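Spelled out, the chains give:
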Amino acid sequence: MTELADRPTTAGANPQLGRVSHWIGGRVVEGTSGRRGPVYDPATGRQAREVDLASAAEVDAAVGAAAEAFPGWRATSLSRRTEIMFRIRNLVDQHREEMAAILTAEHGKVPSDALGEVARGIENLEFACGIPHLLKGGYSEQVSAGIDVYQIRQPLGVVAGITPFNFPAMVPMWMFANAIACGNTFILKPSEKDPSASVFLAQLLAEAGVPDGVFNVVHGDKVAVDAILEHPDIQAVSFVGSTPIAKYIYETGTKHGKRVQALGGAKNHMVVLPDADIEMAADAAVSAAYGSAGERCMAISVVVAVGDVADPLVEAIKGRLPAVRVGPGSDPGSEMGPLVTREHRDKVASYLEKGAQQGADLVADGREHALYGDGDAEGFFLGASLLDRVTPEMDSYRNEIFGPVLEVMRVPTYDDAVKLVNDNPYGNGTAIFTRDGGAARQFQFDAQAGMVGINVPIPVPVAYYSFGGWKDSLFGDLHMYGPEGVQFYTRGKVVTSRWPDPGTSQVDLGFPRTR
């Protein structure tokens, strides 16, 4: 099994288009809500598939399947769960090319970027393969006469993940790998913009031996999201997306008694000090700003140039932009693909006009690229764009653009750069480029962000650390994947145990003693 199964269309569906349906209880389940959404090929601008959009009743059916599977999966030995996690890891690895092709077809990212996404997802599967060690508790012998105390961690039950369009394979693996390894059952609600990767993952999990109902996929929009947030049998929700939606997810989920981790937006600053290697900093800025067409929550969106490094740095970045090859993923020479939808591309492009109107220097205008267009059959392309002399009050700075637009802000001192980073409402990631070890160490101490890079532009943690921001980039107290992911998907239980000689038993109404 390596292909997404062909499925028949139903009344109202376009027979010329493929159909993406739900995965519930170990099988493909066609939607019954009567609602479907379009799935586009961003490189051509043409609709390629339709995706079923779940009703609340369909979400309830998925939760029912997950709830039914939970007792048996929870009781499955750690050794058996680990064996299955290894099989999942190996199957995803074996089929990484097929997975990457799905990502390119529906998201638009070029194959090298798609393969990179799959590779980082596999790292999270590998971390989860260590679940016997990760769930080890503590034991204290003889805390009082004949009494031992130990702590264990147990799964929550049915949990859910709501994932974004920009990483339709990796972010689900951030969530479900730890969740199911810990003994939970899982409901995935992927983005309706690029839904096929989630069904392919479900098929691979089934092939690996994951029991029916342990992993389920429901496609949908706000109807499905609200049904997840309000369902009494879902114990926890993980989310990655924009800050306004993250806040809504957190407030609504917690209101309904759920544990929630909701990762929001970002405005990631890359501070470049005067002593930095300009060529290295320019290479890093271009790579981090325009990779995946800027549709990454850890993309560098703002370069903060300190002192007299600004002019040569801007020139170095500008000089590299004509060499960025923009094109469809089907072209082996393409380095940057299209954006995910026409609406998103147009919104990103609008910040170029606003920036120029508000006083920024439009150094490179992606709308001048040959593939930029607004015809019905054209792809959703925008060339690499550069705004210089951006100031904090400009719309382009106050909003998360989420596209191939890099902004440059100029400040006179290190303190001004740190203030700019810390005054921003987002706190996902930040980076500093310098040859001064003392300045770098001071920056990691000063910066109010959850992830900091030192001469590393995109400091996404490896799988055995955890991913998450501060301030308006995170709602909840635990970061995603890694050790905090295991903590999120389990709850602690402390057991105090005594096996006394029955002959010593007596009534004692006093306060329990340890001495």
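Check the entry above for the structure.
Everything numeric here is computed off the predicted structure, so don't read it as measured data.

Trainee: Explain a nonpolar patch on the surface to me, please; I cannot follow it from the model alone.
Mentor: Side chains of Val462, Tyr464 and Tyr465 sit close together on the surface and give an oily, nonpolar patch of about 350 Å² of accessible area. Of note, tyrosine 464 is situated in the loop between strand S20 (451-454) and strand S21 (470-471). For tyrosine 464, a relative accessible area of 55% gives the class exposed.

Trainee: What am I meant to see in the sheet that holds strand S17 (residues 405-411) here?
Mentor: By definition, the strands of a sheet pair up through backbone hydrogen bonds, in either a parallel or an antiparallel sense. An order of S15-S16-S17-S14-S13-S19-S20 is seen for the seven strands of this open sheet, with the pairing classed as mixed. Each edge of the sheet is formed by a strand with only one pairing partner; in this case those strands are strand S15 (361-364) and S20. On average, adjacent strands in this sheet sit at an angle of 20° to one another, irrespective of strand direction. Of the pairings in the sheet, the one linking strand S19 (residues 429-433) to S20 comprises four bridges and is parallel in character. Directly across from glycine 429, in S20, lies its bridge partner methionine 451. Sheet strands touched by helix H11 (residues 310-320): strand S13 (268-272), strand S14 (300-306), S15, strand S16 (385-388) and S17. Its angle to S17, the strand with the most contacts, is close to 170°.

Trainee: How do you make sense of the environment of aspartate 436 when you look at a structure like this?
Mentor: Following the sequence through the fold, aspartate 436 ends up in the loop between S19 and helix H15 (437-446). With 163 residues separating them along the chain, aspartate 436 and leucine 273 place their C-alpha atoms 9.0 Å apart. In terms of polar contacts, aspartate 436 uses its side chain to reach the backbone amide nitrogen of glycine 438, at 2.9 Å.

Trainee: Please clarify how a positive patch on the surface should be interpreted in this entry.
Mentor: Together, Arg74, Arg259, Arg491 and Lys493 make up a positively charged patch on the protein surface. One can find arginine 491 in strand S23 (residues 490-498). In this structure arginine 491 comes out as partly exposed when scored by relative accessible area, which is 44%.

Trainee: Can you help me understand helix H2 (residues 78-94) in this one?
Mentor: Spanning 17 residues, H2 covers 24 Å between terminal C-alpha atoms, matching the ideal 24 Å at 1.5 Å per step. Buried positions along H2 lie against helix H1 (56-75), helix H3 (96-106), helix H4 (111-128), helix H5 (131-134), helix H6 (170-181) and helix H7 (196-208).

Trainee: I tried to follow the environment of glycine 469 on my own but got confused; where do I start?
Mentor: For glycine 469, the position within the fold is in the loop between S20 and S21. Note: C-alpha distance between glycine 469 and glycine 450 (19 residues apart in sequence) is 4.0 Å. Those residues in contact with glycine 469 that lie beyond four places of it in its chain are Gly427, Asn428, Gly450, Met451, Leu474 and His479.

Trainee: Looking at this structure, how should I read the packing of aromatic side chains?
Mentor: Each aromatic ring pair is specified by the distance between its two centres and by the angle formed by the two planes. Across all of its chains, the model carries 12 aromatic pairs by this definition. Ring centres of tryptophan 174 and phenylalanine 467 lie 4.6 Å apart, and the angle between their planes is 40°; this geometry places the pair in the tilted category. Taken together, the positions of tryptophan 174 in helix H6 and phenylalanine 467 in the loop between S20 and S21 put the pair 293 residues apart, joining distant regions of the chain. On the accessibility criterion, phenylalanine 467 (1% relative accessible area) is buried. Between phenylalanine 186 and phenylalanine 215 the ring centres are 6.1 Å apart and the planes differ by 5°, which places this aromatic pair in the stacked class. Here phenylalanine 215 lies in strand S10 (residues 215-217) and phenylalanine 186 lies in strand S9 (residues 185-189), a separation of 29 residues in the sequence. Neither residue differs from the other here; phenylalanine 186 and phenylalanine 215 are each classed as buried. An aromatic cluster of three or more residues is present, and its members are Trp174, Phe467 and Tyr481. Lysine 354 extends its terminal NZ or CZ atom over the ring of tyrosine 351, reaching a point 5.2 Å from the ring centre.

Criteria and thresholds
- Residues numbered from 1 in each chain as written.
- Predicted model: local features only at pLDDT ≥ 70, side-chain atom pairs only at ≥ 80, totals over all residues.
- Heavy atoms only, no water.
- Patch = residues over 30% accessible without salt bridge, like charges linked within 9 Å, V, L, I, M, F, W, Y side chains within 5 Å.
- Areas by Shrake-Rupley, 256 points an atom, 1.4 Å probe, with all protein chains shown as cover.
- Salt bridge = Lys/Arg side-chain N within 4 Å of Asp/Glu carboxyl O.
- Helix = DSSP H or I, 4+ residues; strand = E, 2+ residues; numbered from the N terminus.
- Buried < 20%, exposed > 50% of the residue type's maximum accessible area, 1.4 Å probe, protein only.
- Pairing = 2+ DSSP bridges.
- Axes fitted to C-alpha atoms, helices over the stretch in contact; angles between N-to-C directions.
- Contact = heavy atoms within 4.5 Å.
- Polar contact = N/O pair within 3.5 Å; in protein donor to acceptor, adjacent residues only side chain to side chain.
- Lys, Arg positive; Asp, Glu negative; His and termini not counted.
- Charge placed at Lys NZ, Arg CZ, Asp CG, Glu CD.
- Expected span 1.5 Å × (residues − 1).
- Phe/Tyr/Trp six-rings, centres within 6.5 Å; stacked < 30°, edge-to-face > 60°.
- Lys NZ or Arg CZ within 6 Å of the ring centre and 35° of its normal.

Note that every value here comes from positions in space, so none of it alone points to a role or purpose.
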